[in-house]
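# Coordinate analysis (summary)
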Amino acid sequence: MPDPNSAGTFSAISATPIDASAVEDFVLSAENGALVAFRGIVRNHDRDGAVTGLDYQAHPDAERFLRECCETVAAATGLRVAAVHRTGSLAIGEVALVAAVAAPHRAEAFAACAELVDSIKASVPIWKRQHFASGSSEWVGL
Amino acid sequence: MVDNAVIGNEEPGILVRYFAAAADATGLDEERIVLADDTLGGLRNELLARYGDPMERVLRSGSFLLDGIVSRDPDRALGERVDVLPPFAGG
């Protein structure tokens, strides 16, 4: 993995498959006894439709927004934080997002990872087009 | 000659960039728009007038990026460039 942005955080937008274990390894350290990681995975349905895949597109500044999400959670908690988001065409079962937080104890790690994922979904300019088995497609969230 | 070169580089209007559903709604990646009302509200009205319902769906819960900051403030003054951001759908 490339160098971290700053002490305690790592973030990236990736056009190639995410190495989830490398993201998790970044947050591990000797003082942390709890690691919570989230993987956002492309699923085969949405509402009533059968989904065949998703195309992810990121704004050119998306990596900066992702970094700010990680740094905000790290600053608020003092914990090690990492997140990587995919772009491009993803098949069912592929990993779109890996977010990881490590803490001395599990409660802080669970809470911080949930906050990180919520923050990423709310504030990073990334879009996805959903392809259905029927052949139609739509941008998610409109 | 120098004056002509300067004039040639100064294109009128604001550069508006479109992403994802906004690019689909306009059929464009970007364009220059000259506005009488140089605010986000003025741009919003112009985009709705040009692109109708598909743009309304984008802007309903979309936002704009100006000078590195995401904004929905209709009074916000525009600069050289603004990006039209459909609702985020990461994760």
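Structural notes, computed from the coordinates. Computed from a prediction, not measured in an experiment: that's the story for all the values here. (Residues numbered from 1 in each chain as written. Chains lettered and ligands numbered in written order. Predicted model: local features only at pLDDT ≥ 70, side-chain atom pairs only at ≥ 80, totals over all residues. Heavy atoms only, no water.)

## Thoughts on the pairing of strand 2 (residues 30-33) of chain B
Residue and element names in this part refer to chain B. Put simply, the rule is: A 1.4 Å probe rolled over the protein chains alone gives each residue an accessible area, and that area as a share of the maximum for its type sets the label: buried under 20%, exposed over 50%, partly exposed in between. Secondary structure elements are defined from DSSP: runs of H or I of at least 4 residues count as helices, runs of E of at least 2 residues count as strands, and each element is numbered from the N terminus. Strands are treated as partners if at least two bridges between them are detected by DSSP.
What you see with strand 2 is a clean split: E31 and I33 sit on the buried side and E30 and R32 on the side with no burial. With 4 bridges joining them, strand 1 (residues 14-18) and strand 2 adopt antiparallel strand pairing. Looking at strand 2, one finds that I14 is bridged to I33.

## Some details on the nonpolar core
This is how the line gets drawn: Here, the term nonpolar core denotes a set of buried Ala, Val, Leu, Ile, Met, Phe, Trp, Tyr and Cys residues that are joined through side-chain atoms within 4.5 Å. By definition in these notes, contact holds between two residues if any of their heavy atoms fall within 4.5 Å.
The biggest cluster of nonpolar side chains holds 57 residues, and the ones touching the most others in it are A:L116, B:Y18, B:L43, B:L47, B:F64, B:V82 and B:V84. Those residues in contact with B:V84 that sit more than four places away from it in its chain are B:V16, B:R17, B:Y18, B:F19, B:A22, B:L47, B:V58, B:L59, B:S63 and B:F64. One finds A:A12, A:I18, A:V98 and A:A100 within the second-largest nonpolar core, a separate group that totals 12 residues.

## A closer look at the side chain of B:S71
Residue and element names in this part refer to chain B. Operational definition: N or O atoms within 3.5 Å of each other form a polar contact, as long as, within protein, one can give a hydrogen and the other can take it, and as long as residues adjacent in sequence are counted only when both atoms are side-chain atoms.
With respect to the element layout, S71 can be found in strand 4 (residues 69-71). A residue is classified by how much of its surface remains accessible, and S71, at 9% relative accessible area, is buried. A polar atom in the side chain of S71 sits 3.1 Å from the backbone nitrogen of D73. Setting aside anything within four residues of it in sequence, one finds S71 in contact with L40, S63, F64, L66 and R76.

## Digging into the sheet that holds strand 4 of chain B
Residue and element names in this part refer to chain B. Cut-off, in case you're wondering: Angular values range over 0 to 180 degrees, each being the angle between N-to-C directions of two axes fitted as lines to C-alpha atoms, with helices fitted over their stretch in contact.
As summarised here, the arrangement of the 5 strands in space is 2-1-5-3-4, forming an open sheet in which the pairing is mixed. Edge positions in the sheet fall to strand 2 and strand 4, since each of these pairs with one other strand and no more. Put simply, the sheet's adjacent strands are angled 30° from each other on average, direction ignored.

## What about the interface of chain A and chain B?
Just so we agree on the cut-off: We define buried area as the total accessible area lost by two parts upon association, computed with a 1.4 Å probe and summed across both. Counted as salt bridges are all cases of a side-chain nitrogen of Lys or Arg within 4 Å of a carboxyl oxygen of Asp or Glu.
Contact with chain A, which involves 23 residues of that partner, is made by 19 residues of chain B. Contact between chain A and chain B buries roughly 1,700 Å² in total, counting both sides, with carbon and sulfur atoms accounting for 61%. Summed over the three residues of chain A that lose the most area to chain B, namely A:H59, A:W127 and A:L142, the buried surface amounts to 37% of that side. Across the salt bridge formed by B:D24 and A:R129, the nearest N and O atoms sit 2.3 Å from each other.

## What to know about the sheet that holds strand 1 (residues 9-14) of chain A
Residue and element names in this part refer to chain A. Reading across from one edge, 1-5-7-2 is the order of the 4 strands in this open sheet, with mixed pairing throughout. Strands with a single pairing partner mark the edges of an open sheet, and in this sheet they are strand 1 and strand 2 (34-41). Strand-to-strand twist in this sheet, taken as the mean axis angle between neighbours without regard to direction, amounts to 5°. As judged from the 8 bridges shared by strand 2 and strand 7 (residues 95-103), these two strands associate in the antiparallel manner. When the sheet's bridge partners are listed, A37 is paired in strand 7 with A100. Sitting on the sheet, helix 2 (residues 62-77) touches strand 1 and strand 5 (80-86), and the angle it makes with strand 1 is about 155°. Contacting strand 2, strand 5 and strand 7, helix 3 (residues 106-123) crosses the sheet at an angle of about 145° to strand 7.

## Regarding the packing of aromatic side chains
Let me state the cut-off plainly: Aromatic rings from Phe, Tyr and Trp, taking only the six-membered ring of Trp, are treated as a pair when their centres fall within 6.5 Å; an angle between ring planes under 30 degrees marks them as stacked, one over 60 as edge-to-face, and anything in between as tilted.
Per the counting criterion, the structure on display carries 4 aromatic pairs over all chains. Judged by centre distance (5.7 Å) and plane angle (20°), the ring pair of A:W127 and B:F19 falls under stacked. Highlighted residues: A:W127 in strand 8 (residues 126-132) and B:F19 in the loop between strand 1 and helix 2 (21-26), drawn from two different chains. With a centroid separation of 6.3 Å and an interplanar angle of 75°, the aromatic rings of B:Y18 and B:Y51 are classed as edge-to-face. Of this pair, B:Y18 sits in strand 1 while B:Y51 sits in helix 3 (residues 40-60); the two residues are 33 residues apart in sequence, bridging distant segments of the chain. Here B:Y51 falls in the buried class, since its relative accessible area comes to 17%. Here a set of aromatic residues connected by ring pairs shows up, and it is made of A:W127, B:F19 and B:F88.

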